[in-house]
Amino acid sequence: MGDRTAKNALYDGFAQVARALASGRRAEIVDLLAQGERSVEEVAAEIDQSVANTSQHLRVLARSGLVRTRREGNRIFYGLSGTHVAALWTAVREVAADYTADIDRLAAAYLGDRTGLETVTREDLLQRLHDGTVTVLDVRPAAEYRAGHIPSARSVPLSRLHAELAALPADGEIVAYCRGPYCIYADEAVRELRRHGRQASRLEDGFPEWAHADLPVAAGAPDQDDADARTGPATSLRKDT
């Protein structure tokens, strides 16, 4: 028989991962780092926290093994330790959506009424890309696009969408995507496009889910796509080894 003290310690070790996610801000950091690496300053700006508070959250995530660091000169970049971390976050989010009564209400309060927003599945979007019948917009910040995106997608951050409307096709289908099913950027992009008479819908989830499904991805600036396009997760979402 195994020792009870040793078993307690083992399960306490497992629970350390759950404790690391027992903060909305740390959960948001994991969601952000699923898009690609970030410096502490960039993470702090995204989650609207001080650099000091953000550093504390990142240390908790690092101690639990969820986050790794990489030094580049004098800067330290944070990223998820592997694709299992992003999969864990997806599972937590889905369990909450399925079994926590308040999630639908909280999501509606943040995202607004999604009733009129048409969604497209990953499989349908892949087919339409193959057929050449769709224009795909990545409406995340440009840094996230460079870290990894759907091949042939145009980088049009939400803040630039209105200025670039004239460059988008007046007819034909447009599909926008962003960080995931609870990301508001794609919703707002679709609403803006429809206000200007475009036929627009959003991807059912976001780029991390696309990459984790081993669908084609590309990395780098738009003019690098042909060289960098490949099948499988983007560098920041690479398989665990």
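The structure reproduced in this document is the subject of the present report. (Residues numbered from 1 in each chain as written. Predicted model: local features only at pLDDT ≥ 70, side-chain atom pairs only at ≥ 80, totals over all residues. Heavy atoms only, no water.)

## A look at the pattern of salt bridges
- Taken as a whole and judged by the stated rule, the model has 18 salt bridges.
- Between Arg25 and Glu28 there is a salt bridge, and its shortest N-O distance comes to 3.3 Å. You can see Arg25 and its partner Glu28 sitting in helix 2 (residues 24-33), three residues apart, about one turn around the helix.
- Since its relative accessible area comes to 33%, Arg25 is described here as partly exposed.
- Between Arg140 and Asp138 there is a salt bridge; the shortest N-O distance is 2.7 Å. Residue Arg140 shares its accessibility class with Asp138, and that shared class is buried. (Salt bridge = Lys/Arg side-chain N within 4 Å of Asp/Glu carboxyl O. Helix = DSSP H or I, 4+ residues; strand = E, 2+ residues; numbered from the N terminus. Buried < 20%, exposed > 50% of the residue type's maximum accessible area, 1.4 Å probe, protein only.)

## A closer look at the sheet that holds strand 1 (residues 38-39)
- Spatial strand order, 1-3-2: three strands in an open sheet with antiparallel pairing. With partners counted over all chains shown, the strands left at the sheet margins are strand 1 and strand 2 (67-72), one partner each.
- In this sheet, strand 3 (residues 75-80) lies alongside strand 1 in antiparallel orientation, the contact comprising two bridges. Counterpart to Ser39 in the pairing with strand 3 is Phe77.
- Helix-sheet contacts for helix 2 involve strand 1, strand 2 and strand 3, and the interaxial angle to strand 3 is about 95°. (Pairing = 2+ DSSP bridges. Contact = heavy atoms within 4.5 Å. Axes fitted to C-alpha atoms, helices over the stretch in contact; angles between N-to-C directions.)

## Let's talk about the side chain of Thr135
- When you line up the elements, Thr135 lands in strand 5 (residues 134-138).
- Setting aside residues no more than four positions away along its own chain, Thr135 makes contact with Arg154, Pro169, Glu173, Ile174 and Val175.

## A look at unusual backbone geometry
- Of note, Asp48 is a non-glycine position whose phi angle comes to about 60°, a positive value.
- Along the polypeptide, Asp48 turns up in the loop between helix 3 (40-47) and helix 4 (51-63).
- Overall, Asp48 belongs to the exposed group, its relative accessible area being 66%.
- The residue Asp214 is not glycine, and still its phi comes out positive at about 60°.
- Relative to the helices and strands, Asp214 is located in the loop between helix 11 (207-212) and strand 9 (216-217).

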